[in-house]
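# Structural description and commentary
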Amino acid sequence: MSRIALGLVGYYQFIRGYPLGPELKQRLDSISWRHQVDLKEMNWGPVAIVQEFQASQIAYDRVVLIAAVQRGGEVGSVTCRQWLGGELKVMEVQNRIFEAVTGIISVDNLLVIGAHFKIWPRELIVIEVELPDDAIGNMVLKELEIHRDSGEMTAIGDHPITPDAQKIVDRIAAYTLIAVDIGVEGMSNLVPLSVADLNPLAAVCHNQLIKDCGITTPVH
Amino acid sequence: MCFENLPIEFDENGKAHLKPGVPNPYSYNTQTVEQRDAYLTDIARKNGQLNDIDFDPVTRVAGALAFHSTVNLKDRKVVDTASMATLFRGYEVILRGRDPRDAAFISSRACGVCGGVHATTSALAIEMALGIKPPPLGIVVRNLLLSCEYLYDNPLHLFILAGPDFSEALIRETNPEIWQKAERAPSKFAAVHGYKTIGAIMTDLNPLTGRLYLEALEMTRVAREAYVLLGGKYPHPETIIPGGVTTTITTNTMTEFYLKLVPFFDYAKRCVAIWDDVYDFMYEANPQYRHLGEIPPTMVDFGQWDHEDHYDATYANCNAWGEKRWSTPGAMVNGKLVTTRLTDINVGFEEFVEHSYYEPWEEYPFKTDPSGNPISPNHPWNKTTIPRPGKQNWKERYSWSCTPTWDRKTFEAGAYARVYMSALAQKLPPSNYFASTGKSLVLNIAKDKLPEMRLEWHVPDVWNAFERNRARAYAVAFNLMVTLENWVRAQDLIKRGEKRVATPFEIPKTGQHIGVGMWGAGRGFLAHWCVIEKGVLANYQISTPSTVNACPRTPWGEPGPYERAVLNTPIIETNFKDEKDFKGIDILRALRSFDPCMPCTTHTMVEGTDRVVTREVTTCACGL
């Protein structure tokens, strides 16, 4: 029996405005795994996750991460990737650490920082669901819109899962089952994922050293 | 008499009132676009070769701060600046109309680094509004939680966020002549930190590989683990509520907590020794550094860490319990402490939106605070947050930050403010671990591997970027000893049989109730104001340290602290030929000395609508 870490990156049980996450968590909780599986709610910044792995001192045979990303694919599509790592300059890693220590949750930063601190086993599978650009806004805050004129408002939560979202949960759960129980050998649809494929740091929150200074035109 | 600009005076009982005969007591002059334009034209005329340099983003903490500066490279001067918060936070809008019990949980998300302080500040505001006094153990545990956040936050800034600016890698790149001196310069405190030269310290400040860098990462983990022992979870604890905390505290918990504190005894000593060495060396290497980020020390802080024998959550008694806090509240103008009363700080506080993407508001529901002291139409209890996204224009509106002022002055906030105020005020409650002398703050740091040590932070003769960072290093030691003081108090309470950590309460379904949580974040000044009507939040206002520091100009044209600090910053960088390879390290050091932080969960307005949406800035699965 192998020891597997299954991480829901950014999952947070109390955000129920969009029920896909809790539904998925419930589904994964109910699975009888073939191996010893530690299901982890990775609702933490990457440095905290790295430190948790270091502190646990568990030598996992395989890690499977589930995360929402934007890589330009079809919204709602689920892609299984195998992390292959790669090389980054020191400052490129450092810029991701700058973000990470602030508590920003990012699977790309987690992959890079985890690799730098050598927490990943040889086999790391990432199951990604493509979400729209303003996913969080639409999913979480849709219900929080306050109509200033009417005073009407709605509260978070208790929205039943839609059939489309249910299908996404089904797909993620199916892929996860194979990824956890069999691993890379059992997955014919794995897409390679290396540092070259990662999204650049978000323009609104990336951190910078002196190289990022922009020089513009003189004052007239 | 602490107010110079607001027309407020005091009677013999210390109660404030408006000066008689002032027709429009809160009116102010507004600098016109034409006046600002004329100013900029004049700068351009007097300075032949100018470059606009944008730093976007500046902050290493959760982004969303842009900084615009105009630099005369030939004369090595900064001639114009504009600080800009690039994202709308929106929490004030989100919280409107919600159950007051939600406020702590939602406002906590204002920051991915220090959510606990927002939760606590929110709890304090609700406590005051609804008259909920926590039990003594609840107050002390809340203090311990706050300390853990500071023990996480301040080393993080010193070594992970600002530290690289003083590392070998950067000094070599920007000022090779200083690196040459550093390699040979002996350190003064080698016996404490173990480094024989300044160069050796700088090498270990290198990002990713430096020993000091990696050690700080480890220490942030220890602080978080200590937090979790009492708070259950970090950074967004669900255990902080109005009326106390919801955690179970036992002697075992306290013992485990103490074990987490022990490594900080030596770490605090080393923090101070390292940064004393680095900044003293930098001054010697180039005395021009004394002007880096220099502005007169004008700052406001609410003090933190309530004393369990005094805190009663009432506004009526807030001056009494405020002055008994383990760091002293205060407003300081040009280095002079003008008040330590929380009501004065609250009454003198206003927010302006003339240079921000917000609409002005019409309502003026509260002419006075609950004690009858006059408050401005621009006071947060009277403010309505009405976002108005628009085109960036440095002469008009350019920031999502509003402009907070105290007595019509922009002011600084920071970890250093609690050190500074506490040192000047001489009002700290008696403690074996720290004392205020009026000119300094004395800290007795307990023995671990290093012997017991007496540290003393002295009021500096100049207030600049390095002194901000230096005081922040002493703040680590101050936090630690306040933690120890409160740990001892918690133990005493438990021995006396105290178990209660929270006071139950009900949300009244009728009436109007107002409160303010006056607290602090790792970065200083933090306040939440609430108005509760018919059981829901009718208004909620948040003022954060980065809003205070990163604010745009006042309506009358006074720049905010970042803007002023950078205006005074000389360009000391040497390793450049022209604007193409100019790095701007001095400007960035000046800005980072404020420990800038903007929220990581950010919100944007959809153009042309009233709709607030969260804009995810990372690839996470929060929406799953």
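Residues numbered from 1 in each chain as written. Chains lettered and ligands numbered in written order. Predicted model: local features only at pLDDT ≥ 70, side-chain atom pairs only at ≥ 80, totals over all residues.

Here we come to the overall build of chain A. The secondary structure content of chain A amounts to 6 helices and 7 strands. When the helices and strands of chain A are listed from N to C terminus, the series reads β-α-β-α-β-β-α-α-β-α-α-β-β. Split into buried and exposed, the 220 residues of chain A put 44% on the buried side. A separation threshold of at least 6 residues defines the contact pool for chain A, and within that pool the share at least 24 residues apart is 86%. (Helix = DSSP H or I, 4+ residues; strand = E, 2+ residues; numbered from the N terminus. Buried ≥ 20, exposed ≤ 12 C-beta atoms within 10 Å, placed from the backbone. Contact = placed C-beta atoms within 7 Å.)

Moving on to the sheet that holds strand E17 (residues 524-533) of chain B. Residues and elements named next belong to chain B. Judged by pairing direction, the sheet is antiparallel, and its 3 strands sit side by side in the order E16-E17-E18 without closing on themselves. Each of the sheet's edge strands pairs with one partner strand only, and the pair in question is strand E16 (512-521) and strand E18 (536-543). Between one strand and the next, the sheet's axes are offset by a mean angle of 15°, whatever the strand orientation. Bridge count between E16 and E17: 10 bridges; the pairing is antiparallel. (Pairing = 2+ DSSP bridges. Axes fitted to C-alpha atoms, helices over the stretch in contact; angles between N-to-C directions.)

A separate point is the sheet that holds strand E13 (residues 434-436) of chain B. All names here are of chain B. The strand order across the open sheet built from 3 strands is E13-E14-E15, with neighbouring strands paired in antiparallel fashion. Two strands in the sheet have a free side with no partner beyond their single neighbour: E13 and strand E15 (453-458). Neighbouring strand axes in the sheet, compared pairwise and without regard to direction, differ in orientation by 15° on average. Two strands pair when backbone bridges link them, and strand E14 (residues 440-445) and E15 are joined in this way by 6 bridges, in the antiparallel orientation. Among the inter-strand pairings, isoleucine 445 is bridged to a residue of E15, identified as methionine 453.

Residues and elements named next belong to chain A. Across 5 bridges, strand E4 (residues 78-85) lies against strand E5 (residues 123-130) in antiparallel orientation. Note on E5: the bridge partner recorded for glutamine 82 is isoleucine 125. As paired strands, E4 and strand E6 (residues 191-194) are joined by 4 bridges and run parallel to one another. What sits directly across from arginine 81, in E6, is valine 191.

To continue, consider the nonpolar core. Formed by 239 residues in total, the largest nonpolar core has its most connected members in B:Ala477 and B:Cys530. Not counting residues within four places of it along the chain, the set of residues in contact with B:Cys530 comprises B:Pro100, B:Ala103, B:Ala125, B:Ile126, B:Ala129, B:Ile514, B:Gly515, B:Leu537, B:Asn539 and B:Tyr540. (Core = buried A, V, L, I, M, F, W, Y, C linked by C-beta atoms within 7 Å.)

It is worth spelling out the packing of helix H3 (residues 90-100) of chain A against helix H4 (residues 107-116) of chain A at this point. Residues and elements named next belong to chain A. Interhelical geometry of H3 versus H4 gives an angle of 115° and a closest axis separation of 10 Å. Taken as axis vectors, H3 and H4 run roughly perpendicular relative to one another. By crossing handedness, the relation of H3 to H4 is classed as left-handed. Contact residues: H3 offers Val93, Arg96, Ile97, Glu99 and Ala100, while H4 offers Asn109, Val112, Ile113 and His116. Residue classes in the contact of H3 with H4 are distributed as 5 nonpolar, 2 polar and 2 charged. (Parallel < 35°, antiparallel > 145°, perpendicular 65-115°, else oblique. Left-handed = near helix turned anticlockwise from the far one by under 90°. Nonpolar A, V, L, I, M, F, W, Y, C, P; charged D, E, K, R; others polar.)

Residue and element names in this part refer to chain B. The pLDDT averaged across chain B works out to 87; a share of 87% of its residues lies at or above 70. Low pLDDT, under 50, characterises residues 598-624; the predicted model gives this stretch 114 contacts beyond four residues in sequence or across chains. Our summary of model confidence lists the complex with pTM equal to 0.86 and ipTM equal to 0.73. (pLDDT = per-residue confidence, 0-100.)

With 11 of its 11 residues buried, helix H14 (residues 415-425) of chain B lies for the most part within the structure. Along H14(B), the residues classified as buried are B:Ala415, B:Tyr416, B:Ala417, B:Arg418, B:Val419, B:Tyr420, B:Met421, B:Ser422, B:Ala423, B:Leu424 and B:Ala425.

Okay, the pairing of E18(B) next. Extensive coverage of E18(B) is indicated by the burial of 6 of its 8 residues. Between E17(B) and E18(B), which pair antiparallel one after the other, the connecting turn spans 2 residues, and B:Lys534 there sits at a positive phi close to 50°.

Let's shift gears to the packing of helix H1 (residues 20-30) of chain A against helix H6 (residues 163-181) of chain A. Residue and element names in this part refer to chain A. Between H1 and H6, the shortest axis-to-axis distance is 10 Å and the interhelical angle comes to 35°. Judged by the twist between their axes, the crossing of H1 over H6 is right-handed. Listed contacts from H6 to Leu20, Glu23, Leu24, Arg27 and Leu28 of H1 are Ala165, Ile168, Val169, Ile172, Ala173 and Thr176. Partitioning the contact of H1 with H6 into residue classes produces 8 nonpolar, 1 polar and 2 charged.

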